[in-house]
Each structure stands twice: as structure tokens, then as C-alpha cells.
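Summary of structural features
Here are the chains, one letter per residue:
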Amino acid sequence: MRTQANRPHFHVGSAGNPAQKAEERPKSQGDRRVAAGDHFEASSAQASGGKDKGKTPSKLKGATYNVERDRNPKDVQAWLGKFARHNDLDFVQLQEINGYHKALEKIPGYHLVTFPGAKDHGETGILVKDSLLQKQAMSIQGEGGGWTTVRGGHAPPRAATAVKLAGWLQVVSAHQPPSVDWKNGLPVGPKNRVSTYKSLSEKLLAFAKRKIENHPDQGLLIGGDWNEPASTKGKWSPGWIAQQAGMKTHGGVESHGHGKIDYAMSYGARVSNVRAGPTGGSDHNIVMFTVSRPKGKG
């Protein structure tokens, strides 16, 4: 495993025409690409942008939200900021955000953890309340070569964003590629999409196993848009990751016609009050939950 230090960016704008989907034409970030590896990290000072206030509550309010591409960044910023503040959210796992980095970083009281240097140019991220203790920002880089889109473009391999919050909860935001299904326990679909899905699943499983083995007293929450229900059985599926790592899935919330594909899996923490919120202009609902540290831990 190769580890490369890299600074997560907070004020990175999109390049090119914002109305062109990132899946169809990945947005270039110049020379900020990083070498392929399991992950690369940043120090806590870099990750928090100097805003780390050090609070360590034993209960956190979280959410996962696929923002959807091709929207007005100001609309995304205004709605998500208002919603996060109104619901007193401590963090939001975000997907499809590589056109909104600059706008999301301007939300008062929060900062964005993302990695434009990853192969997907920061397609996932985590919006974090400024007051929380934050450490170990990290990008978990999948491989698989990416895939050819329906319009003949190239979509890069997916990467997941991870960060440790409140001193006890490792939070990961993931987004798996679409058009992959499971039949007879095996993934089927376009070859490159399947290989990309497999790769990120394997990297997420390896990450989960390392965290659980090395920090059994801490919590782990991996959530996002899986493009597959939690009930799916078979190798490389989200349910397979959870089973192999000894984690629990927290699905069961309908997500705006997409089925039950936006959810989290956890270890070493209690996840409760899972519910779907509004779409906020996206084609996905925001899905909210409460994460609690079990008594006697820490």
C-alpha cells in the first residue's frame, strides 16, 4: 500500500461549462492528480483549515445527500446551508459535488473536506461543523479504470472521502457507479463500471477492517449513494462490505424514485432516527440520522 500526503482543498471552483455533467466530461484540476494508491492523507490542521474548535460530543446528527450535477452552485449553497443549520447537523456526507466546491465552502459555520487531487477530482466530500474536533482527513482511491459514459465520454474511478470527527467517529462518504446489478450473487453490467464498483468496494472493506482492528473502541460510519439497495446479496455489493467487516446497514428509506440506495453502514456506534428529508432541488432526498457513541467507549 502506498500512502501519499496531499492537502484537501476548500476553495476549488469548477472548470469549464458547469452544465456539462462530470460523468460525461471530468473536470480538469491541472496537475493536482495523485499517484494511485489505497489512500492519501492530510494533517488535522490542513483538514480543518484552522477552524478546529475541539468539541467531542457523544451524539452527532448526520446526513447523506447526493447533490446532483448541473445545478446552480448558489442554489445548492443556500439550500444546504439553511437545511444544515435548521436541523443542527454536525456533518453531511456529500456526493456529486465536484462542481460545487467553492460554493459549499462558503456555508457559514461549516467547512468542506474534499480532495480535488483524487482521480475523480473531489466527487465526494463531507461538510463538517466548524466546532467539531476533526482529524485524519483521507481520500480512499478506487481503481478499475473508470468507465465509458452513454455519450462516449470517460468517467474516472471513484474515490471516497473520510475524516475522523469528535475524536471517536470515522465518517466516510462514498458514491458507487450506476448501471451495476447483482444476479446469482455476482455483479453484472458494463465491464468497466463493474470493475470500478468492485475496486471501491474492496478499498472500502480494507479501510473498514483496518479501522476496526486498530481502533475497536471507536465508531465507523460509511454512507452515501451506493446505486444498490442494502438488501442486495453478493460479492462486492454494499451488503457484502457490511457482512465482511461486521457492520450494520441502515437502509430502508425511499429516496425520490431511486429506490433505497442512499444509506449508511456502521460499526461501534448506534445509528437511530433514520429518515428521508426533502430533495432540496436534487434528484435524491437528503437522508438524516443520529449517531451515538455507546456507553463505556472512550
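These notes cover the structure that comes with them. (Residues numbered from 1 in each chain as written. Predicted model: local features only at pLDDT ≥ 70, side-chain atom pairs only at ≥ 80, totals over all residues. Heavy atoms only, no water.)

Digging into the overall build of the protein
- Scanning the protein for helices and strands turns up 5 helices and 17 strands.
- Expressed as a percentage of its 298 residues, the buried residues of the protein come to 57%.
- By sequence separation, contacts in the protein at least 24 residues apart represent 71% of the contacts at least 6 residues apart. (Helix = DSSP H or I, 4+ residues; strand = E, 2+ residues; numbered from the N terminus. Buried < 20%, exposed > 50% of the residue type's maximum accessible area, 1.4 Å probe, protein only. Contact = heavy atoms within 4.5 Å.)

Quick word on the packing of aromatic side chains
- Enumeration over the complete set of coordinates arrives at 6 aromatic pairs.
- Relative to phenylalanine 83, the ring of tryptophan 79 lies with its centre 4.9 Å away and its plane at 20°, an arrangement referred to as stacked. With tryptophan 79 and phenylalanine 83 both in helix H2 (residues 73-86), this residue pair falls 4 residues apart, about one helical turn.
- Using a relative accessible area of 23% as the deciding quantity, one classes tryptophan 79 as partly exposed.
- Centroid distance phenylalanine 91 to phenylalanine 289: 6.2 Å. Interplanar angle 50°. Geometry classified as tilted. With phenylalanine 91 in strand S3 (residues 91-95) and phenylalanine 289 in strand S17 (residues 287-292), this residue pair connects regions lying 198 residues apart in the sequence. As far as the burial class goes, phenylalanine 91 and phenylalanine 289 line up, both buried.
- By way of ring pairs, the aromatic residues Tyr65, Trp79 and Phe83 are connected into one cluster.
- Seen from the ring of tryptophan 236, lysine 198 lies directly overhead, with NZ or CZ sitting 4.2 Å from the centre. (Phe/Tyr/Trp six-rings, centres within 6.5 Å; stacked < 30°, edge-to-face > 60°. Lys NZ or Arg CZ within 6 Å of the ring centre and 35° of its normal.)

Some points on the pairing of strand S13 (residues 219-225)
- Counted residue by residue, S13 has 7 buried out of 7 residues, so it is predominantly covered.
- Inspection of the sheet shows strand S10 (residues 169-175) paired to S13 by 7 bridges, in the parallel sense. Opposite serine 173, over in S13, you have glycine 223 as the bridge partner.
- With 6 bridges connecting them, S13 and strand S15 (residues 262-267) associate as antiparallel partners. Within the sheet, the bridge partner assigned to glycine 223 lies in S15 and is alanine 264. (Pairing = 2+ DSSP bridges.)

Here's the deal with H2
- With 14 residues, H2 should cover 20 Å at 1.5 Å per step; its first-to-last C-alpha distance of 20 Å lies within 8% of that length.
- Val76, Leu80, Gly81, Phe83 and Ala84 are the residues of H2 that are buried.
- Considering only its buried residues, H2 is in contact with strand S2 (59-66), S3, helix H3 (101-105), strand S4 (110-114), strand S5 (124-129) and S17.
- At the N-terminal boundary of H2, the capping side chain belongs to asparagine 72, with an oxygen 2.8 Å from the backbone nitrogen of lysine 74.
- Directly beyond the C-terminal end of H2, a positive phi value near 50° is found at aspartate 88. (Expected span 1.5 Å × (residues − 1). Polar contact = N/O pair within 3.5 Å; in protein donor to acceptor, adjacent residues only side chain to side chain.)

Here's the deal with a positive patch on the surface
- Taken together, the side chains of Lys59, Lys61, Arg270, Arg275 and Lys295 present a region of like positive charge at the surface.
- Put simply, the parts of the chain that give the positive patch at least two residues each are S2 and strand S16 (270-276).
- For lysine 295, a relative accessible area of 81% translates into the label exposed. (Patch = residues over 30% accessible without salt bridge, like charges linked within 9 Å, V, L, I, M, F, W, Y side chains within 5 Å. Areas by Shrake-Rupley, 256 points an atom, 1.4 Å probe, with all protein chains shown as cover. Salt bridge = Lys/Arg side-chain N within 4 Å of Asp/Glu carboxyl O. Lys, Arg positive; Asp, Glu negative; His and termini not counted. Charge placed at Lys NZ, Arg CZ, Asp CG, Glu CD.)

Observations concerning unusual backbone geometry
- The residue serine 179 is not glycine, and still its phi comes out positive at about 65°.
- By the secondary structure assignment, serine 179 is in the loop between S10 and strand S11 (181-183).
- With a phi close to 75°, tryptophan 236 is a non-glycine residue in the positive phi region.
- Looking at the element boundaries, tryptophan 236 is found in the loop between S13 and helix H5 (238-245).

Comments concerning the pattern of salt bridges
- This structure, assessed with the given rule, holds 5 salt bridges.
- Notably, a salt bridge pairs glutamate 96 with arginine 69, separated by 3.4 Å at the nearest N-O pair. Of the two residues, glutamate 96 sits in the loop between S3 and H3 while arginine 69 sits in the loop between S2 and H2, which places them 27 residues apart along the sequence. Comparing glutamate 96 with arginine 69, the two get one shared label, buried.
- The residue lysine 119 makes a salt bridge to glutamate 143 at a minimum N-O spacing of 2.8 Å.

Topic: the sheet that holds S17
- Here 6 strands make up an open sheet; going across it, the order is S4-S5-S3-S2-S17-S16 and the pairing mixed. Strand pairing shows two members of the sheet lacking a second neighbour, S4 and S16, which therefore form its edges. Going across the sheet, the axis of each strand differs from the next one's by a mean of 20°, ignoring polarity.
- As paired strands, S2 and S3 are joined by 5 bridges and run parallel to one another. (Axes fitted to C-alpha atoms, helices over the stretch in contact; angles between N-to-C directions.)

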